[in-house]
Amino acid sequence: MELRHLLALTLSISTFGCSPEVLNSPSETASSPTSEAEPETLLAKADEQSVLKSGSFVAGEHPTEGAVQIVPKNGAPVLELDQAFKTFNMGPDLVVILHRAENVLESTKPPSYPLQAGDYVILAPLQKFEGAQSYPISEDINLEDYKSAVIWCRKFNATFGTATLNETGGVSAQ
């Protein structure tokens, strides 16, 4: 009797566990019998598709382009630069920051658009001058206090580019 159950289990695993149609079809996953962990998995997927804030970069001191969005991942906000992101590749000490001003360029003076201490929080050094990249946002940062994402040269206090972050109606953030 045990051999029959073991054989049936092995057949089930080989039939369903390796079938790409079962693994890749969201409709079949949603309609299949659920385990206790599955609703959390579906919630996590929905959570990761929510956009809290988003915007498009405009040039400051140097050409900067592309889009930025803040999305929840694993229960914490993450700032993401899209594949079209690009900034001047000669800047030393470039960092990604969140700034309190909605229009950073209007709140400062050209040509470098220098920033004032206390108006921003540094997320991390810029990973690369172009392409998609992600930056976790510390849980102690209140996203409501910050209205822009900025690419900033810390060494020369020069704002390379900035994007006003607009609320998108996603999950509220702290």
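What comes next is a walk through the structure. (Residues numbered from 1 in each chain as written. Predicted model: local features only at pLDDT ≥ 70, side-chain atom pairs only at ≥ 80, totals over all residues. Heavy atoms only, no water.)

Okay, unusual backbone geometry next. Cis rather than trans, the peptide bond between P110 and P111 has omega equal to 5 degrees. As for its position among the elements, P111 is in the loop between strand 7 (94–99) and strand 8 (120–125). Phi at N157 is positive, roughly 50 degrees, even though this residue is not glycine. Among the secondary structure elements, N157 is positioned in the loop between strand 10 (148–153) and strand 11 (158–164). Residue class for N157 comes out partly exposed when judged on its relative accessible area of 23%. (Helix = DSSP H or I, 4+ residues; strand = E, 2+ residues; numbered from the N terminus. Buried < 20%, exposed > 50% of the residue type's maximum accessible area, 1.4 Å probe, protein only.)

On to the pattern of salt bridges, then. With the rule as written, the count across this model stands at three salt bridges. With a closest N to O distance of 3.7 Å, E167 and K53 form a salt bridge. Of the two residues, E167 sits in strand 12 (residues 166–167) while K53 sits in strand 1 (residues 53–56), which places them 114 residues apart along the sequence. Given a relative accessible area of 3%, K53 falls into the buried group. Note that D93 is salt-bridged to R154, the shortest N-O span being 3.1 Å. Linking D93 in the loop between strand 6 (86–87) and strand 7 with R154 in the loop between strand 10 and strand 11, this pair joins segments that are 61 residues apart in sequence. You can call D93 partly exposed: its relative accessible area is 35%. Look at R154 and you get partly exposed, because its relative accessible area is 37%. (Salt bridge = Lys/Arg side-chain N within 4 Å of Asp/Glu carboxyl O.)

Note that all results are geometric; they support no functional claim without further evidence.
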